[in-house]
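Commentary on secondary and tertiary structure
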Amino acid sequence: MGFLITTLIFAVVGIIASLCVRICFARGPSTNLLHFTLVITATVCCWMMWAIVYIAQMNPLIVPILSETE
């Protein structure tokens, strides 16, 4: 459930950022396309980093070694 909700949050933030860039930095069609591409790329890269870290914590490669003295 946490993965889906956070994915939706990333999508909403990407859409809001795209709209803000389109409103605040409207200079021309090619510049708008560049800004839109940069915002979407940054959003997807941040989401992928978060998703990889989230999924990696589900099945860790290094298992903690418990000592019997404690």
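My aim in this report is to walk through the structure given alongside it, one point at a time. (Residues numbered from 1 in each chain as written. Predicted model: local features only at pLDDT ≥ 70, side-chain atom pairs only at ≥ 80, totals over all residues. Heavy atoms only, no water.)

1. Considerations on the packing of aromatic side chains
- According to the stated counting rule, one finds five aromatic pairs in the structure shown.
- A ring pair is formed by F10 and W50, whose centres lie 6.1 Å apart and whose planes are at 40 degrees; its orientation type is tilted. You can see F10 sitting in helix α1 (residues 2–24) and its partner W50 sitting in helix α2 (residues 29–56), a full 40 residues away along the chain.
- Given the relative accessible area of 22%, F10 is considered partly exposed.
- W50 gets classed as partly exposed once you look at its relative accessible area, which sits at 23%. (Phe/Tyr/Trp six-rings, centres within 6.5 Å; stacked < 30°, edge-to-face > 60°. Helix = DSSP H or I, 4+ residues; strand = E, 2+ residues; numbered from the N terminus. Buried < 20%, exposed > 50% of the residue type's maximum accessible area, 1.4 Å probe, protein only.)

2. What about a nonpolar patch on the surface?
- Taken together, L33, F36, I40, V44, M48 and I52 make up a surface patch of nonpolar side chains, about 530 Å² in accessible area.
- Position of V44 relative to the elements: it lies in helix α2. (Patch = residues over 30% accessible without salt bridge, like charges linked within 9 Å, V, L, I, M, F, W, Y side chains within 5 Å. Areas by Shrake-Rupley, 256 points an atom, 1.4 Å probe, with all protein chains shown as cover. Salt bridge = Lys/Arg side-chain N within 4 Å of Asp/Glu carboxyl O.)

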